[in-house]
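Observations on the three-dimensional arrangement
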Amino acid sequence: MIKERNISTSGTNYVKIFRIMKLMTLFLIIGMSVSVAAKSYSQSTYFSMDLNNKTVKDVFNEIERKSNFVFFYYDGVLDVKRKVNIEASNQTVDKILDKLFEGTNNTYVIDDRQILISRKATGSQEPITTQKKSMLIGKVVDETGEALPGAAIMVAGSTRGVTTDIDGSFEIEVNSNEKITVSYLGMKDQTITVGNQKSIIIKLLAKSDELQEVTVVAFGKQKKESIIGAITTISVGDIKMPVGKISNNLAGQMAGIVSVQRSGEPGAGSDFWIRGVSTFGANSKPLILVDGIERSIDLVDYEDIESFSILKDATATAVYGVRGANGIVLITTKRGKESSKPSINAKVEFGALAPIQMPELANAEQWINYYNDISYDNTKRLAFSDYEKQKYLSNADPDLYPNVDWMKTIFKDATTNSKVNLSITGGGKVIRYYVAGSFYTENGIFNPEKLKAYNPSMRYGKYSFRSNIDLDITSSTQLALNLSNQYETKNRLGTDIATMWDQVLTTPPVAIPTMYSDGTLAMPLVGQNPYYSLNKTGFSQDFWNTSQSLIGITQDFSDIITPGLKANVKFSWDAVNESTLDKRKNPSTYYATGRDEAGELILHKNSDGSDYLSLSRSNRGSRTLNLEASATYENVFNEVHRVGGLVLFNKREYTNNFPGDYIAAFPYRNIGFAGRATYSYKDTYFIEGNFGYNGSENFAPNKRFGFFPSIALGYLISNEEYFKDLLPVINLLKIKGSYGEIGNDQIGGNRRFAYNSEMAWSGGYRFGSTGQQWRDGIATGYPGNPNVSWESAKKSNVGVELGLFDKLKIQADYFFDKREGIYILQESVPTIVGNNVQQYVNLGKMQNQGVDASMEYTHTIGDFYLKGRANFTFNRNKKLYDDKPTPVWAYQEEVNEPYDQHRGLIALGLFESEADIANSPKQTFNDSLVPGDIKYKDINGDGMINDYDRVAVGYTTIPEINYGFGVSAGWKGIDLSVFFQGVDNVSRFIGGSSIYGQLGSILVNGQIFSDVADKRWTLENPNPNAEYPRLSMLDRPNNKQQSTYWLRDMSFVRLKNAEIGYTIPKRITQKIGSSTVRVYIQGVNLLTFSKFKLWDPELATGNGGIYPQMRTVCFGLNINL
Amino acid sequence: MNKIYKNMFCIVITLLGFLTTSCDDYLNVELQNQMTFDEVFNKRQTTEAYLAQVYGYLPNEYDILWGEGSSVSRSDEALFSWFYGEWESNRSGSWGVTTDAYHNWTNNYKGISQATIFINNVDKCVEIDQNTKDVMKAEARFVRAYLYFVMFRKYGPVYIWGDNASDPLIKPEDIDRHSVDENINFILSEYDKSIAVLPEKITDEAWWGRLTKGAVMAAKSRLTLYAARPLFNGCDLYKGIKNKYGEFLFPQTPDPNKWEEAAKAAKAVIDLNIYSLHQDTQESDPFRKAIKSYMGIYFDKWNEELIWASWQSDGFTYNVRCAPPRVVKTGYGGYCPSLKLVDAYPMGVSGRYPVTGYKSDGSPIIDPKSGYSDEGFTNPYTHPLDNFATINAHNSCVGRDARFYASILANGMNWINTYKGIKLVTFFDGGTSSFSASGDCVKSGYLWRRFSDPANNIEDDKWGQYSWPYYRLGEIYLNYAEACNEKPNRNEDEALIYINKVRNRSGLNNLEVAYPEVKGNQALLRELLRKERMVELAFEGHRYYDVRTWMIGEAESNQPNYTRNVAATNYEDSWERTDKVFPGRLVFEPKHYLFPLHQSQLNEMKNITQNYGW
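Let me begin by describing the structure that accompanies this report.

Residue and element names in this part refer to chain B. Position of H278 among the secondary structure elements: in the loop between α10 (257–272) and α11 (286–299). H278 sits 164 residues away from V442 along the chain, and the two C-alpha atoms are 31 Å apart. Sequence-distant contacts of H278, defined by excluding residues within four places in its chain, comprise S293, G296, I297, D300, N303, E304, E305 and R505.

Shown next, in the form of structure tokens:
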């Protein structure tokens, strides 16, 4: 983006160059072109002027002032002080210049907005005789016009050569029939026929910008315009957000991604699917490939990512065969580029984090009122007298009458994170490198007391490095070596996080003091003390280390066998080591029952504990080997037939280093061949076929291998001759479609090798005279099913790509995915068959269809640029067959409904009176009902409300609609961007004792939400429309049923990312030897709009007890050297 | 050309990638380390283990709280102290087709399938001789038939696979229950096949507990008896119900000849002459000997009365619930006989059953000839067995038959042994094992002591072990007596002979001495046989099914839960009869003669026929 800005601020820059050039005593130059977008600026710009007795210089100034023209000339070429009279009315610049140079030996060339002034060639206009050597003067610049010092200029076929000076200029003696070759590190070589030119400006193009034209696809790259599969690529800049795991940044960013972040715990990632959930089998998650190897997405630092794309349809994924059915994420990491000097990029970020929303719990007064209410309701007496209530509220005796805000005690308001990134990239003709390292740390929001002995604070840290090296062994042989390592640590509480949350949510403010005032550890006789759990129970340390290595050789056979043929062999070895140390203690606790005569607390010990940390340890680990060999071919015949091909062999072996049993110790293996053939005619008609032929060790020998074909067709209408006239409006129009079959071998079930019958030691009997002869039994175990195989997905996709005015690009796809052979429990086998182990079979069926679409808009006016983007994904799945017995009532069938569809009763509100209860169908969940209880609808009209009245309600917890939209804008050095993300068609049941009341031990476990305390049905305010029903000390199962009463719409829109940055002008940064310096402030999750108010709607919780999502504001500094 | 040479190694590596691997080898997994089906049936050890597994499906009838023996807790012979629990909802009638407890359908069919697999494969074993294999097959055959019987007595007729392996491809909608006759005939024919092969005795002590000819004959006796009784022999209640195949599920008319079958089956066991009623040989005092003879059925392991028993190595779970809370170190106290069972024990001298019925207020109608008194106390009184110290005995506990003292630990008696000294047990509020509204206590006023061997020092964690009888000769005698009284060719003398054998063992006089009017009175003999059966086989899992197969559920069961008034705060008052201590009733509706098929079975097999009333 910085580069783009430099190009567009041409006016100022060229004036500056003009000043510099003036100092030089060189000749004229021609032939520089920067922009291709504007046409014939000189013929569309008109001048009116009336200048008398002014110098030529004045005329130039006047033209520059009134337009974007810039004059280029070297000192001495013309007499700028010559006085002239110019009179013009609505004339183009050439007319004015013709008049200006009339009768002089000067001439000019207009190249867009640049006007180059030179001397007319002396002598005749005839070409200079070819044999005569003459001096050629020139300058070598890059795309932005910056001079390139040290570029090599060679006369082709000779040994003559020079290099450019510090200002990029050169001088060489050449014949007019000779060619010169200009080369520079990191730039594409250029060969130029000199002809009769005397001076020349040579613009070299960078070598590496190929990504602009190609898209990363399975096992390769393809030209963007020839892509006819459903592939979405995102600009890596859009997913750079200051968080620990990249999966948390994907929500709303790409058409086709369905993503949910279920916890905000440091180090936690997100769950995401491509085009939603297409199977109710074991694995619906996409395959993630980093540099072609299956690896964890969250181990990749986003700063290291070169390209990020998702493959969505059959044609894009078929080559992955048995593993591609759920879509694929392809990530490639950055590689070194030829350059004259290393490019160093450093980035430092410091952030402040605060929960988006913490549950708000009842304060002491609310809670006492609530407890008194339910106590009076059930026993006709108040639990706390006014006197006692005042004792609690006044805080006069916090030992016996505690009043603790547990939220504030356990959690901090805010915490911090920081990230440091450093990357160095560069290289020469032979070796190129990208080396990067980063450090990320995030602290938790728990607020324990830090002791010298140990620190239970939550803190996640990740150190990683990556080194990608390319080595040209010969001119056609390239060796690549990728090494990376991720080292993660986490420190956490001695109490399990879920337990900690549960305690905070359930412990009333008056239950127990944090500690007694004399320092004695407090714990109620029944119940918990969250403060104790946080501070006194020890801590845990997790450690993960992942090392990933890859070596690859690519051989270009273009010169040996046939042009366009390449072969590649890749071998990778990854290893993961993990360990957890749990250091625990449980010091003795006490509870007070009053004060003795001396006023001292009467304390009772709960039980003996340990003041010393104990240790337990666990280890996990795995290793993975990959081998891949491929050959690719690409060529164009007769300039219209573009042909491409790929054949590939790969195998993979994953081994668990700590297997739990004999079967788990077998490595997980895949092997396969894949192929692709592409053909396009005139780059307008496209056809592509792909296949994967591969297998998995999971299945019976004759069921191991599968053939997965796909085909796609595309038509780039805007490339047609007849479309030419429409191009200014519709610059791109492509339609495409694909169909194919893909597999999914991650089918689950509860065991591997399901084809194999197992016998199990099971049961037994006791025989013998005294019965001491226990005989172990053997039974048939898992029945072997030789037909067990992968799930198969039949995927279709149709799409359109549309470009308007060169500014707006729209892509839309419709997809339909039918999954068969989902591996499920065979539940239709009746119990009388007596299978002692239920068998899994490939019987499940499901379909998933939807649309995903995206839109991009770019607009530039002078220094100002504006980019907008938006995407939308909708998918709806339904189960087609699940082998469950047919229910008594047809509406209870799960088939033909979305997977994981919420089911529940339909609530009609609260009962208003005894008469209301008597006149309603009998609700069977409670023995008796009272006004204020939830009233349900009798679905089947049998006069009873029971389990048969449960129907599909709401949606599922995975949103059907996912969208994102944002704009970014820049002006000069300032850039600004905002991005919103939202989901819809998502719902969740809420519940838990903090919402519908605790049963038993209410005094120590009965905390409720503040919202519940305020809005519940009460005897004083028997509001039949209350948001929460009548709470009770007694068990009220009627009110805890899953029903629409507890179903909440969890849709939301959030300001996912907002960023404002300033790039310090180069004239300042260059002084400190840096090319760009940018400072920025970035905010993540700044605003969330949702109907649901109790906690963040994205969290995976029905009771609010989960680590909240974080709102982050971070300050960053990015320096490029 | 030099260039090509240079690049040769790249090409070689590329090719290596393709060639070094044979795809199938790469994916082959060496699973040889795993036991296979064929291997199991090849070797003796594993074949025996498979049979042990089949045995393992035999129901746990010793567990009277949760296991198959829970019929005790659900019948009118017991009143356990706990309010909660499925047994209580079962007694009070507040259960239904979705209540999960006590359903054994699924597990029994698993056992049936496993037994069939064994029967169909055991012949493959090369390490076992054919004769032994035939015996093993007969054992599995019996277990399979017995599992059908276990379902049959609970649900009525069920689906019968017969000798076929179960078919996993069977269409659920085609399944329905086979008729009562088909069920009984199949089970009996399987029993007969086993009887033909099984040995009369297990000679190798290491294998005691395995099935014998006598065991299966005893099973046949009980099944033929059930088949002859009204519930499965043409009762009106289940008339007219047809299964989906169009057959009547239950016999439409009674067939009295089934009593003949029952008599024959019982007599066949008796005629084996292998078993005899257990007699104590140590005691000289006739009454103490009578008590110990009856107690010894449980405490003398593998005694001569047991036809088939299973070893129970863990006496804790049973006996801890028979131990008075707080009197002993660990006692839960919940296993209580009902007041009705306590009332049923005959009087030692007259030999008559003291309570002939109950008035509407729950007070007993006392047979004046019996010599029983429900009022007043005898102080001092010496317990005929536990003569540790004299006690202040309620008169209802005085002069009862031997089995009363072997079975009942009443309020005011001493704990059964004196390892920790003599401990008086009183159940009233404030007593040594005090009543309390919640927590462990004894609610009926009596604890079940028949399983508590005085030799076990439970306070030293010695809870005992038992050879628990599936079948014993005492039952067979009563089966035979009942059949003789009922069969078309009624044989009253035989009936009296065999009921008297049972009574005499416990020191009672002959029935016709106690009740001269019984001679020639089939109905009275029937009633007395039922009383005798209730007493002799108390807590052995018979009463629940006897009441149902006799179809006397409504008469026997619909009553409040009467207890002694242990909520009283003194010993004397705690002997009043009351229905206040244990609220609720034992409810019996006609549908309760059989269990309902569970909802999950109805769901999976849409056309299966539900039982009457459910």
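For the rest of this paragraph, the subject is the sheet that holds strand β7 (residues 152–155) of chain A. To summarise the sheet geometry, strands pair through backbone hydrogen bonds and adopt either a parallel or an antiparallel arrangement. Residues and elements named next belong to chain A. Spatial ordering of the open sheet is given by β8-β7-β10-β11, a layout of 4 strands whose pairing is antiparallel. Edge positions in the sheet fall to β8 (161–163) and β11 (190–193), since each of these pairs with one other strand and no more. The average undirected angle you get between the axes of adjacent strands in this sheet is 20°. Pairing between strand β10 (residues 179–183) and β11: 4 bridges, direction antiparallel. Within β11, the position partnered with K179 by the bridge is T193.

So, on to a nonpolar patch on the surface. All names here are of chain A. On the surface, a nonpolar cluster with roughly 920 Å² of combined accessible area is contributed by I861, F864, W971, I974, L976, I1060, Y1062, I1081, V1113 and F1115. Those elements giving two or more residues to the nonpolar patch turn out to be β50 (974–984), β53 (1052–1063) and β55 (1110–1120). Relative to the elements of secondary structure, L976 occurs in strand β50.

Between chain A and chain B, the residue contacts involve 67 residues of the former and 69 residues of the latter. For the pair chain A and chain B, the two sides together bury roughly 5900 Å², of which 65% comes from carbon and sulfur. Here E48 of chain B and R775 of chain A are joined by a salt bridge, their closest N and O atoms 3.8 Å apart. Linking chain A with chain B are 15 residue pairs in polar contact (both at pLDDT 80 or more), by the criterion used here. In terms of residue class, the side of chain A that touches chain B is built from 31 nonpolar, 25 polar and 11 charged.

A few words on the pairing of strand β5 (residues 391–394) of chain B. Residues and elements named next belong to chain B. Because side chains alternate across β5, one face comprises the buried residues I391 and A393, and the other comprises N392 and H394, equally buried. Relative to β5, strand β4 (residues 377–381) is paired through 3 bridges, and the arrangement is antiparallel. Among the inter-strand pairings, Y381 is bridged to a residue of β5, identified as I391.

Looking now at the pattern of salt bridges. Following the criterion strictly, the structure yields 105 salt bridges over all chains and no others. Its salt-bridge partner being R950 of chain A, residue D947 of chain A comes within 3.3 Å of it at the nearest N-O pair. Given the relative accessible area of 17%, R950 of chain A is considered buried. Taking the shortest distance from any N to any O, the salt bridge between R472 of chain B and E540 of chain B comes out at 2.7 Å. Here R472 of chain B, found in strand β8 (residues 466–472), pairs with E540 of chain B, found in the loop between α18 (522–536) and α19 (543–549); they are 68 residues apart in sequence, far enough to count as distant. We note that R472 of chain B, like E540 of chain B, is buried. Here the salt bridges share partners, and the residues they tie into one network are E305, D401, R403, R450, R472, R503, R505, E532, E536 and E540 of chain B.

Our focus in this paragraph is the packing of aromatic side chains. On inspection of all chains with the given rule, the structure shows 97 aromatic pairs over all chains. Seen from their ring centres, F925 of chain A and Y936 of chain A are 6.3 Å apart, and the 85° between their planes marks the pair as edge-to-face. Taken together, the residues F925 of chain A in the loop between β45 (922–923) and β46 (934–936) and Y936 of chain A in strand β46 connect sequence positions 11 residues apart. Comparing F925 of chain A with Y936 of chain A shows no difference in burial state: the two are buried. Taken together, the aromatic side chains of Y62, F80, W82, W87, Y298, F299, Y318, Y335, F451 and Y466 of chain B make up a single cluster linked through ring pairs. Directly above the aromatic system of Y376 of chain A lies the positively charged group of K380 of chain A, at a separation of 5.5 Å from the ring centroid. Its end group placed over the ring of Y102 of chain B, R74 of chain B keeps NZ or CZ at 4.3 Å from the ring centre.

Next up on the list: the sheet that holds strand β9 (residues 169–175) of chain A. All names here are of chain A. Pairing within the open sheet is mixed, and its 3 strands lie in the order β9-β6-β12. Both edges of this open sheet fall to β9 and β12 (199–203), since each of them pairs with a single strand only. Going across the sheet, the axis of each strand differs from the next one's by a mean of 35°, ignoring polarity. With 7 bridges joining them, strand β6 (residues 133–141) and β9 adopt antiparallel strand pairing. From the neighbouring strand, K133 faces β9, where its bridge partner is N175.

Here we take up the packing of helix α7 (residues 364–379) of chain A against helix α8 (residues 386–394) of chain A. Residue and element names in this part refer to chain A. Direction vectors running N to C along α7 and α8 enclose 155°, while the axes themselves pass 10 Å from each other. In terms of their interaxial angle, α7 and α8 are classed as roughly antiparallel. Judged by the sense of rotation from one axis to the other, the crossing of α7 with α8 is right-handed. Residues A364, E365, I368 and N369 of α7 form the contact with α8, whose participating residues are K389, Y392 and L393. Classifying every residue of the contact of α7 with α8 gives 4 nonpolar, 1 polar and 2 charged.

Rules behind the numbers
Residues numbered from 1 in each chain as written. Chains lettered and ligands numbered in written order. Predicted model: local features only at pLDDT ≥ 70, side-chain atom pairs only at ≥ 80, totals over all residues. Heavy atoms only, no water. Helix = DSSP H or I, 4+ residues; strand = E, 2+ residues; numbered from the N terminus. Contact = heavy atoms within 4.5 Å. Pairing = 2+ DSSP bridges. Axes fitted to C-alpha atoms, helices over the stretch in contact; angles between N-to-C directions. Patch = residues over 30% accessible without salt bridge, like charges linked within 9 Å, V, L, I, M, F, W, Y side chains within 5 Å. Areas by Shrake-Rupley, 256 points an atom, 1.4 Å probe, with all protein chains shown as cover. Salt bridge = Lys/Arg side-chain N within 4 Å of Asp/Glu carboxyl O. Buried area = accessible area lost by both parts, 1.4 Å probe. Polar contact = N/O pair within 3.5 Å; in protein donor to acceptor, adjacent residues only side chain to side chain. Nonpolar A, V, L, I, M, F, W, Y, C, P; charged D, E, K, R; others polar. Buried < 20%, exposed > 50% of the residue type's maximum accessible area, 1.4 Å probe, protein only. Phe/Tyr/Trp six-rings, centres within 6.5 Å; stacked < 30°, edge-to-face > 60°. Lys NZ or Arg CZ within 6 Å of the ring centre and 35° of its normal. Parallel < 35°, antiparallel > 145°, perpendicular 65-115°, else oblique. Left-handed = near helix turned anticlockwise from the far one by under 90°.

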